Amino acid sequence: MEPDLVVAMDDLHGFATPAGSRLGRPLIVKAVTGSTNDDARSLAAAGAGHGTAVLADQQTAGRGRLGRAWSSPAGENLYLSVIWRAGLGETIPPTMTLAAGVAVSEALDRFTPSPTRVKWPNDVRHRGKKLAGVLTEAMFRGAQPTAVVLGVGVNVRGGSVAPELADIATTLRAVRGSDLSRAEVLGALLSSLDEALSALMNDGFAVIRARLLARCETIGARVSVGGVTGVATDVDDDGALLVRDDEGAVHVVRSGEVR
Ligand code: BTN
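Only a predicted model underlies this, so the values are computations on that prediction, with no experimental measurement involved.

**Student:** Can you help me understand the overall build of the protein chain in this one?
**Tutor:** The helix and strand inventory of the protein chain stands at six helices and eleven strands. By the compact-globule yardstick of 18 Å for 259 residues, the protein chain fits well, its C-alpha radius of gyration being 18 Å. Each of the three principal axes of the protein chain carries a C-alpha extent, and together these read 60 × 45 × 30 Å. Split into buried and exposed, the 259 residues of the protein chain put 53% on the buried side. For the protein chain, the share of sequence-separated contacts (at least 6 apart) that also reach a separation of at least 24 residues comes to 64%. For the protein chain, the exposed area adds up to about 11,000 Å²; of that, 51% sits on carbon and sulfur atoms. Across the protein chain, the centroid of the 27 positively charged side chains sits 1 Å from that of the 29 negatively charged ones.

The following block contains the structure:
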């Protein structure tokens, strides 16, 4: 790391990618960037290999799902993007985004006093407040998928949670009542993402689906999503949300914001 990074990310000093994790090799650390997802996409386009990861102390153009901005102040949180290439076939499983959400939720459980939950498809929340989000973006050569960028933002210490967001977002520090280093969280994330995405690629969606259902707060809730209102009953084999409306019709929802 360059000296300014040691200052900017003092709590990352001495970080080493966990033994056994193929993700975070190499780990490229930036003091400030536009979006780590954009950096990872550029690196992937230039041939960077599976597991290459980009971490930034600050993003000036952080992006969330559905075209939203992702507030990314310096010195507070984790902004991580990982290039995934292993096992990509002719199609990219939509379930990759769900597996990433499960991985982040399971990783953050090591740091929270009670379990985190997944809000379909991949928001990670603690007691109904958002702790982390995942933005997966696929890259293609023609029709052939070449890489998926797994972008993860975790509210670790604060900063991004402005007072007006206090009702809908929180931080690891707030839910623990004590500080923790981003290095600890980063190590857990890299290991967990590697394990869950590998399990999906090697064994299929069934086991990840079971892990998702065990922690998905959306199932059983009354929701509005994609123009449909009803009760979310299940996640199908493709990762779509099944919503039963008041007439009993079951709708298959593939994307959207659950309200
Ligand atoms: C969401 O919940 O809407 C997804 C948020 C994803 C934010 C992360 S931060 C690292 C990576 N770089 C980005 O620009 N976005 C993702």
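That shown, we press on.
**Student:** Help me out: how do you make sense of the sheet that holds strand E4 (residues 117–119) in this one?
**Tutor:** Within a sheet, neighbouring strands are paired by backbone hydrogen bonds and run either parallel or antiparallel to one another. Read from one edge of the open sheet, seven strands run E1-E2-E3-E7-E6-E5-E4, paired in mixed fashion. Two strands in the sheet have a free side with no partner beyond their single neighbour: strand E1 (27–33) and E4. Averaged over all neighbouring strand pairs, the angle between strand axes comes to 20 degrees, with direction disregarded. One ladder, built from three bridges, connects E4 with strand E5 (residues 123–126); its direction is antiparallel. Residue pairing for E5: Lys-119 is matched across the bridge by Asp-123. Sheet strands touched by helix H3 (residues 95–108): strand E3 (78–84), E4, E5, strand E6 (129–141) and strand E7 (144–154). Its angle to E6, the strand with the most contacts, is close to 145 degrees. Of the strands in this sheet, E1, strand E2 (53–59), E3 and E7 are in contact with helix H5 (residues 182–203), which crosses E3 at around 30 degrees.

**Student:** Got a minute to help me understand the pattern of salt bridges in this structure?
**Tutor:** Oppositely charged side chains can pair when the atoms bearing their charge come close. Counted according to the given criterion, the structure contains 21 salt bridges. Note that Arg-41 is salt-bridged to Glu-137, the shortest N-O span being 3.5 Å. Of this pair, Arg-41 sits in helix H2 (residues 36–45) while Glu-137 is found in strand E6, placing the two residues 96 residues apart along the sequence. Owing to a relative accessible area of 13%, Glu-137 belongs among the buried residues under this scheme. In this structure, Asp-179 engages Arg-173 in a salt bridge whose closest nitrogen and oxygen atoms are separated by 3.8 Å. Through salt bridges with shared partners, a single network forms among Asp-11, Asp-57, Glu-76, Arg-157, Arg-173, Asp-179 and Arg-182.

Thresholds applied
Residues numbered from 1 in each chain as written. Predicted model: local features only at pLDDT ≥ 70, side-chain atom pairs only at ≥ 80, totals over all residues. Heavy atoms only, no water. Helix = DSSP H or I, 4+ residues; strand = E, 2+ residues; numbered from the N terminus. Rg over C-alpha atoms; globule rule 2.2 N^0.38 Å. Buried < 20%, exposed > 50% of the residue type's maximum accessible area, 1.4 Å probe, protein only. Contact = heavy atoms within 4.5 Å. Areas by Shrake-Rupley, 256 points an atom, 1.4 Å probe, with all protein chains shown as cover. Lys, Arg positive; Asp, Glu negative; His and termini not counted. Charge placed at Lys NZ, Arg CZ, Asp CG, Glu CD. Pairing = 2+ DSSP bridges. Axes fitted to C-alpha atoms, helices over the stretch in contact; angles between N-to-C directions. Salt bridge = Lys/Arg side-chain N within 4 Å of Asp/Glu carboxyl O.

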